[in-house]
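Spelled out from the first residue to the last, the chains are:
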Amino acid sequence: MLAEALEHAGRELGRSLDMREVPGRILDQLVTVVPYARCSIMLEYGDVLKIEAQRGFPEAQRAKEVTVVIREGDVFEQMIRTRRPVMVEDVLQEPGWQFVEGLEVHRSWLGVPVISQDQVFGMISMTRADVAAFGEDDALLASAFASQAAIALQNARLYGELNSAYQNLEKLDQTKSNFIEVTAHELRTPLTVIKGYAQVLGALPDIRDNPQVKPALDGILTGMQRMHEIVNSILDVTKIDSQVLQLALHPTNVGNLVERVAHHFQPDLEARHLTLQVGDAIAALPDIQADSDLLYKVFYHLVMNAIKYTPDGGNIVLDGWAETVAPAIEVTVRDTGIGIDPEHHKLIFEKFYQTGEVSLHSSGRTKFKGGGPGLGLAIARGIVDAHDGSIWVESAGHDEETCPGSTFHVRLPVV
Ligand code: ADP
């Protein structure tokens, strides 16, 4: 019977992880195992005990007694030292007993320590009105119960700590996002100014026709262009993060869109001796409701990555098909590049996530293993998600010798 009651009490305690609730629940369960007249559960903070919950006290007393000071030689100190229950048969005979003013005297007292990892971190104190009302059995049962209470309290504490750590992290993440957004905005203005002046300079005949100055100016312009792109990517990702991405939906032909992306990268493909094929099936895909500017960015980033992570001489193939069951279209971007280890398949879609070493970065947009800010796939996923689609990668693994390649899939509903 008692074993059952203990087990039941333990199960009940496991139901809550809320530190504001658990102490009270402990006392409500304890009374079913060891009946008491009054009871408090306290947690230890240095040399004081803070009362977490009470039962059986008159209202006026409850509010008054929040902490109990542990004194040399008293029952609390004794429990901490011995880690064992302490029983007082008659508090009137106990020298130095701390009576609470205005509180009816209960003669018997039983205290049990709440222990975790060999340390007393709390106590349960119980009273009964009569002299010698608690027995050895009560002490034993209350101790057994206290070990279950200890688990429940520790779990609730840990959960509380985890929760507040999580909230702190969320706050920090928000601060970081704000910082990134403000910085990106601030950078855009001077970038535009520099680019504008560089273009003005480039149009001057003296400079345009000067074979020494012209390449330098072109270098500045390419660099500015790249910086602009990165700043825009950062702003895209902050928009996606704060869920303010607005879709302007129109009937969109993904075939056209993919052709435009392929065309855009033609110079880079040539420079890197890569071929890019667009499968015939793509042109035959049905129109979908989509934001074509945003969707362009999805394929832009996927093709740019395919170029970046494929050694010179490789192939990139874009293909697609329509599914009639769900109705949806699926487009794949396949490359013969270095591939991606399965452990990274999900993480690469997180912002700022990169598989390689940051120190190996080169700044070229389509240079082999050029590396970037780690935003392309986060943007692609954000946009695809906003269209209720899905994006994922298949790759046998990462190997720069054998180049197993990667295939990115984009699935979009046809609405
Ligand atoms: P970035 O290219 O700027 O680093 P992305 O978000 O576009 O950021 O990609 C994240 C990471 O995923 C890259 O750093 C790279 O390690 C990996 N990755 C993306 N596309 C490919 C690909 N086609 N082949 C191999 N690795 C890729």
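Up top is the structure.
Here is a short report on the structure shown in this document. (Residues numbered from 1 in each chain as written. Predicted model: local features only at pLDDT ≥ 70, side-chain atom pairs only at ≥ 80, totals over all residues. Heavy atoms only, no water.)

## Considerations on a nonpolar patch on the surface
Logical step 1: A surface patch of nonpolar side chains, amounting to about 270 Å² of accessible area, comprises Leu92, Phe99 and Val105.
Logical step 2: Looking at where Leu92 falls in the secondary structure, it is placed in the loop between β4 (86-88) and β5 (108-116). (Patch = residues over 30% accessible without salt bridge, like charges linked within 9 Å, V, L, I, M, F, W, Y side chains within 5 Å. Areas by Shrake-Rupley, 256 points an atom, 1.4 Å probe, with all protein chains shown as cover. Salt bridge = Lys/Arg side-chain N within 4 Å of Asp/Glu carboxyl O. Helix = DSSP H or I, 4+ residues; strand = E, 2+ residues; numbered from the N terminus.)

## So, the site of the ligand
Logical step 1: Not every one of the 19 residues close to the ligand is listed here, only the nearest: Asn305, Lys308, Asp335, Thr355 and Gly374.
Logical step 2: Within the side chain of Asn305, a nitrogen or oxygen atom sits 2.8 Å from an oxygen atom of the ligand.
Logical step 3: In this structure, an oxygen atom belonging to the ligand sits 2.8 Å away from a main-chain N or O atom of Gly374.
Logical step 4: Within the complex, the protein chains bury 97% of what would otherwise be the 530 Å² of accessible surface of the ligand.
Logical step 5: Taken together, the elements giving at least two residues each to the shell around the ligand come down to α11 (292-308), α12 (376-386) and β13 (406-413). (Near = heavy atom within 4 Å. Polar contact = N/O pair within 3.5 Å; in protein donor to acceptor, adjacent residues only side chain to side chain.)

## Quick word on unusual backbone geometry
Logical step 1: Phi at Asp118 takes a positive value of approximately 70 degrees, unusual for a residue other than glycine.
Logical step 2: The class for Asp118 is exposed, based on a relative accessible area of 56%.
Logical step 3: Of note in this structure, Cys403 is not a glycine but carries a positive phi near 45 degrees.
Logical step 4: Within the element layout of this structure, Cys403 appears in the loop between β12 (390-394) and β13. (Buried < 20%, exposed > 50% of the residue type's maximum accessible area, 1.4 Å probe, protein only.)

## Quick word on the packing of helix α1 (residues 2-13) against helix α5 (residues 136-203)
Logical step 1: Packing of α1 against α5 brings their axes to within 9 Å, and their N-to-C directions diverge by 20 degrees. By the angle between their directions, the pair α1 and α5 is classed as roughly parallel. Where α1 crosses over α5, the handedness of that crossing is right-handed. Residue-level contacts link Leu2, Leu6, Ala9, Gly10 and Leu13 of α1 to Leu141, Ala144, Phe145, Gln148, Ala149 and Ala152 of α5.
Logical step 2: Of the residues that constitute the contact of α1 with α5, the class distribution is nine nonpolar, two polar and no charged. (Axes fitted to C-alpha atoms, helices over the stretch in contact; angles between N-to-C directions. Parallel < 35°, antiparallel > 145°, perpendicular 65-115°, else oblique. Left-handed = near helix turned anticlockwise from the far one by under 90°. Contact = heavy atoms within 4.5 Å. Nonpolar A, V, L, I, M, F, W, Y, C, P; charged D, E, K, R; others polar.)

## Points about the sheet that holds strand β10 (residues 315-323)
Logical step 1: With mixed pairing, the five strands of this open sheet are ordered in space as β8-β10-β11-β13-β12. What marks the edges here is a single partner per strand, and that holds for β8 (275-278) and β12. Neighbouring strand axes in the sheet, compared pairwise and without regard to direction, differ in orientation by 15 degrees on average.
Logical step 2: Pairing of β10 with strand β11 (residues 328-335), which is carried by eight bridges, proceeds in the antiparallel orientation. Across the sheet, residue Val317 finds its bridge partner in β11, namely Arg334.
Logical step 3: Seen against the sheet, helix α8 (residues 254-264) touches β8, β10 and β11 and runs at an angle of roughly 170 degrees to β8. (Pairing = 2+ DSSP bridges.)

## Observations concerning the nonpolar core
Logical step 1: Counting 53 residues, the largest nonpolar core has Val254, Leu295, Val298, Phe299 and Leu302 as its most contacted members.
Logical step 2: Sorting elements by how many residues they give to this core places α11 first, with 11 residues.
Logical step 3: The contact partners of Leu302, leaving out residues within four places of it in the chain, are Val333, Leu377, Ile391, Phe408 and Val410.
Logical step 4: One finds Ala5, Phe121, Ala139 and Phe145 within the second-largest nonpolar core, a separate group that totals 32 residues. (Core = buried A, V, L, I, M, F, W, Y, C linked by side-chain atoms within 4.5 Å.)

## As for the sheet that holds strand β3 (residues 67-69)
Logical step 1: Spatially, β3-β2-β1-β6-β5-β4 is the arrangement adopted by the six strands of the open sheet, whose pairing is antiparallel. Edge positions in the sheet fall to β3 and β4, since each of these pairs with one other strand and no more. On average, each strand axis in the sheet is inclined to that of its neighbour by 25 degrees, with strand direction left out of account.
Logical step 2: Here strand β1 (residues 38-45) pairs with strand β6 (residues 119-128) via six bridges, running antiparallel. Residue Ser40 lies in a different strand from β6, and its bridge partner there is Ser125.
Logical step 3: Sitting on the sheet, helix α2 (residues 22-33) is in contact with β1, β2 (48-55) and β6, with an inclination near 60 degrees to β2.
Logical step 4: Contacting β1, β4, β5 and β6, α5 crosses the sheet at an angle of about 40 degrees to β5.

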